[in-house]
Amino acid sequence: MINLISDTVTKPSPAMLEYMMTAEVGDDVFGEDPSVNRLESYTARLFGKEDSVFCPSGTMTNQIAIKVNTQPLDELICDHFSHVYQYEAGGYAFNSGVSINLIHGTNGKITVDQVKQAIKPEFDWLPRSRLVVLENSCNKGGGSFYTLDEIRPIRNLCLENELRVHLDGARLFNVLVETGESPEDVGQMFDSISICISKGLGAPVGSLLIGNEKDIQKARRFRKVMGGGMRQAGYLAAACQFALENNIRDLKIDNARAAEIGRLLEKCSWVEEVRPVQTNIVIFRLKSDLKASDFVPKLMAQGIKSSAFGDREVRFVFHRDITDSDMDRLREILLKLRLDQIDT
Ligand SMILES: *Cc1c(COP(=O)(O)O)cnc(C)c1O
């Protein structure tokens, strides 16, 4: 099976498992796990920030970030494709008691003018605009990304208006290998940053929330109340440490494979449109008489797992567990597929 459902399906390599098995561990709730402590300070330093906190998921790091950056009755501003809105079960309302102000951007990206228009004036009867969340790369946007030059004006506008800015950087490193920008430069643009190591970087579990010392101290308390305080978490932290030290550059391969398959799909008779491929995600729309819910099982029958992303859209995500021979088979299957085979 060629699994293109998500880059979360990656499994630890033998070298990563070896590294995990030899990790030094302790009880992280008491702050005594050396591998967790090392990962947290390594990551903070990487982004030029004071501290970071290790969490079981990217949903948790985002939810904690919203909690740390807001008060109840505040409002968070983000694109309507954002993970924090679409895929976190409405947690912003449940965990933080905040409302959401959605911007209809382009492929998941919003502009400084849109943010300017979204910020509400201060009246007793209005929610208080307090936080902007940017996603980089944008998952539902088809892996599109912001450059720091696009982010800077948004950051400056937020500073002028006393809004905080959080980065959902679940796939940030897929962006940085393309732009050549440094994590440290990214660190300067945001109050808090969440990154996932369990996606393209290949760790089995693990996300980090990065920020200033005071915020991360608060974040540790929220992690505990959400049930995310882990004990000998150092085995997992070691996997993340290994991934950050060894696997970042390989993301370039995933991005290149996505670009190549994007070009191939443009030539397929059953494809109407391929969204611009910028990182490791390919989203394409089927011709008008085809439904994604019919198409995905057809591909599955040929050994390709993909996901329906809306009525006529299909998503492929490329990752490090796809081999060269998987790529050969994928090309072959896609090129051979004819309209009459898909039509039901
Ligand atoms: C995957 C993802 C997350 C976090 O997901 P978890 O499964 O909770 O780790 C957050 N934001 C984006 C954009 C994602 O793609």
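Residues numbered from 1 in each chain as written. Predicted model: local features only at pLDDT ≥ 70, side-chain atom pairs only at ≥ 80, totals over all residues. Heavy atoms only, no water.

### Digging into the domain arrangement of the protein chain
As a measure of interface size, the accessible area lost when the parts come together is often cited. Rule in force here: Domain extents, as shown, originate in an automatic or database domain assignment. We call two residues in contact whenever any of their non-hydrogen atoms come within 4.5 Å of each other. Buried area is calculated as the accessible area (1.4 Å probe) missing from two parts once they are joined, with the contributions of both summed.
Examined at the domain level, the protein chain breaks down into domain 1 (12-247) and domain 2 (250-338). On a C-alpha basis, the centroid separation for the pair domain 1 and domain 2 is 28 Å. Listed by partner, the interface residues are 22 residues for domain 1 and 15 residues for domain 2. When domain 1 packs against domain 2, close to 1,600 Å² is buried across both sides, 47% of that on carbon and sulfur atoms. Summed over the three residues of domain 1 that lose the most area to domain 2, namely G142, N174 and N247, the buried surface amounts to 29% of that side.

### Digging into helix α14 (residues 324-336)
Our working rule: The secondary structure listing takes helices from DSSP runs of H or I that are at least 4 residues long and strands from runs of E that are at least 2 residues long, numbered from the N terminus. By this rule the span expected of a helix is its residue count minus one, scaled by 1.5 Å. Think of it in three bands: residues with accessible area under 20% of the maximum for their type are buried, residues over 50% are exposed, and the middle band is partly exposed, with areas taken using a 1.4 Å probe on protein chains only. Starting at the helix axis, one direction is taken to each C-beta atom, and the arc is that of these directions.
Helix length check: α14, at 13 residues, gives a terminal C-alpha distance of 19 Å against a target of 18 Å (1.5 Å per residue), a fit within 8%. Of the residues making up α14, those classed as buried are D326, M327, L330, I333 and L334. Within α14, the buried residues cover an arc of 135° as seen down the axis, which keeps them to one side. Facing away from the buried side of α14 by more than 90 degrees, the exposed set consists of D324, S325, L335 and K336. Those residues of α14 hidden inside the fold are in contact with β1 (2-3), α12 (251-266), α13 (292-301), β11 (304-305) and β13 (313-317).

### Describing the packing of aromatic side chains
What counts, and what does not: In this scheme Phe, Tyr and Trp rings, the latter by its six-membered ring, pair at centre separations within 6.5 Å, and the angle between planes marks the pair as stacked below 30 degrees, edge-to-face above 60, and tilted otherwise. Here, over-ring charges are defined by two tests on the NZ atom of lysine or the CZ atom of arginine: distance to the ring centre within 6 Å, and angle to the ring normal within 35 degrees.
In total, this model carries seven aromatic pairs according to the counting rule given. Relative to W125, the ring of F123 lies with its centre 4.8 Å away and its plane at 10°, an arrangement referred to as stacked. Residue class for W125 comes out exposed when judged on its relative accessible area of 66%. Here the aromatic cluster, defined as three or more aromatic residues joined through ring pairs, consists of W270, F284, F295 and F316. Over the face of the ring belonging to Y146 we find K109, whose NZ or CZ atom lies 5.5 Å from the ring centre. Above the ring of F309, the side-chain terminus of K140 is found at 5.4 Å from the ring centroid.

### Some words on the nonpolar core
The condition that has to hold: Take the buried residues of types Ala, Val, Leu, Ile, Met, Phe, Trp, Tyr and Cys, join any two whose side-chain atoms come within 4.5 Å, and each joined set is a nonpolar core.
Core analysis: the biggest nonpolar cluster contains 47 residues, and F54, V132, L134, F190, I195 and I197 have the highest contact counts within it. Take this core: its biggest share by element is six residues, from helix α11 (residues 234-246). Discounting chain neighbours no more than four positions away, the residues touching V132 are I77, I110, V115, I154, C158, L163, R164, V165 and H166. Membership of the second largest hydrophobic core comes to 28 residues, among which are L265, L290, F318 and L334.

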